[in-house]
Structures are given as C-alpha cells and as structure tokens.
Amino acid sequence: MKILHLSIMGDLPIGVANQLRYEYSAAKKLDAVQWTTLVFHYGPSTEPFMRTIPRLFRGGFSRRFYGWIMALLLRQKFDIILMRHQNSDPFAFMLARFFSNRVTVYHAKEIEEILLSRQNWKGKIASRLEHFGGRSSVRSALAVFGVTQEIAEYERNLHAPEKSIGVYSNGVD
C-alpha cells in the first residue's frame, strides 16, 4: 500500500514542521506501507519532505489551487492520499470530486475556529465558504480523519453523516 500525506501551507509553523519531521521519521520504520510525507509551503525546502511553492502561486487562493493541482498530478501514484484540509477553499467545490482515493484530514472545527478568529464580515464570508467547501470536500472523500475523535465526528456529522471517520495522530510516532 502506498500512502501520501499531503499538506499545502503558506508559512510553515515550527510546530507543524516538527510534526511532519516525526511522521517522516516514523514512516521509515513501516514495512507493509510505503508512506510519503509532502508539504508545499512558501519557505525553503530544508527537509526531504518539503517543497517550495512557486512565486506565481503565493497568494491565498492561488496557493490552494496549486495544492489541488499537485494532488491531481500525484493521485495515481498512491493508493490513499491523506490531504490536510485547507479552510475556506473555493477549489474544493470543483476539484475534490476528481479523487477516488482522498481522505480529508481536519485539525480543527474549522467553521467555529474561523468565526472565533475573525469576528467581522470577513469571518462570516470565510465561514460560509468553509461550510460549502467543507461539505464538498467531505462528501467526496473516502473518509474523514480528525486529529481527535471529536473533530472527526464534528466534520462528519456536519457534512456527511454516513462517512467513515478515523483519528489521525498528527505526526506522533
């Protein structure tokens, strides 16, 4: 079995980078699974699993588009793609359905987090975009993973109650 864990980010926070380092290290110990960790971000590629997003795609929405294009290019090389959810992603509407092997991975209760962090009209628009984009993403995914059981259940119950869920341990060895 070949699995890809794909993340698309702007700036790569040190905590996320460390989680991916642990995952990359742990994956080397797997025998029955070929695990590939890959993160595209704005910074330099200082680790084997890091790739720099080209300057042309450095805006918020264009970064998300780039992520989907990379996922489309890689999808046939892997049995499963664990794709870190990108919140307020307008491209999920169009592109999520082209994957038969994608599992969406949530790190937060996205709509609630958006409304807490942006308590203005931008937050309301972003939360609506997340609601509809998240629905498309979840409904077309093989399964919904959360970094906690609570997050996985929340996203599944919000968008597609029939979906299978799981807990992704967020880079823990």
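See the structure above.
It should be emphasised that the depicted structure is a prediction, and the values quoted were computed from it without experimental measurement. (Residues numbered from 1 in each chain as written. Predicted model: local features only at pLDDT ≥ 70, side-chain atom pairs only at ≥ 80, totals over all residues. Heavy atoms only, no water.)

Draft legend 1. Inspection of the overall build of the chain at higher detail. A count of helical and extended segments in the chain gives 6 helices and 7 strands. For the chain, the N- to C-terminal ordering of α and β elements is β-α-β-β-α-β-α-β-α-α-β-α-β. Its C-alpha atoms give the chain a radius of gyration of 15 Å, near enough to 16 Å, the size a compact globule of 173 residues would have. Across its three principal axes, the chain shows a C-alpha extent of roughly 45 × 40 × 30 Å. Buried residues in the chain amount to 48% of all 173 residues. The long-range share in the chain, meaning contacts at least 24 apart out of those at least 6 apart in sequence, stands at 59%. Total accessible area on the chain is roughly 8,900 Å²; 57% of this is exposed by carbon and sulfur atoms. (Helix = DSSP H or I, 4+ residues; strand = E, 2+ residues; numbered from the N terminus. Rg over C-alpha atoms; globule rule 2.2 N^0.38 Å. Buried < 20%, exposed > 50% of the residue type's maximum accessible area, 1.4 Å probe, protein only. Contact = heavy atoms within 4.5 Å. Areas by Shrake-Rupley, 256 points an atom, 1.4 Å probe, with all protein chains shown as cover.)

Draft legend 2. Examining the packing of aromatic side chains more closely. Tallying each qualifying case throughout the model produces 5 aromatic pairs. Seen from their ring centres, Y24 and F49 are 5.4 Å apart, and the 45° between their planes marks the pair as tilted. Of this pair, Y24 sits in helix α1 (residues 14–27) while F49 sits in the loop between β2 (34–41) and β3 (50–52), and the two are 25 residues apart along the sequence. According to the relative accessible area criterion, Y24 is partly exposed, its value standing at 26%. Ring centres of F65 and F91 lie 5.1 Å apart, and the angle between their planes is 50°; this geometry places the pair in the tilted category. Of this pair, F65 sits in helix α2 (residues 60–74) while F91 is found in the loop between β4 (80–84) and α3 (92–95), placing the two residues 26 residues apart along the sequence. Judged by relative accessible area, which is 32%, F65 ranks as partly exposed. With relative accessibility at 16%, the residue F91 sits in the buried group. Aromatic ring contacts, followed pair by pair, group F40, F57 and Y66 into a single cluster. Just above the ring of F78 sits the side chain of K2; from NZ or CZ to the centre is 5.9 Å. (Phe/Tyr/Trp six-rings, centres within 6.5 Å; stacked < 30°, edge-to-face > 60°. Lys NZ or Arg CZ within 6 Å of the ring centre and 35° of its normal.)

Draft legend 3. Layout of unusual backbone geometry. Its identity is not glycine, yet S88 carries a phi of approximately 55°, on the positive side. Relative to the assigned elements, S88 resides in the loop between β4 and α3.

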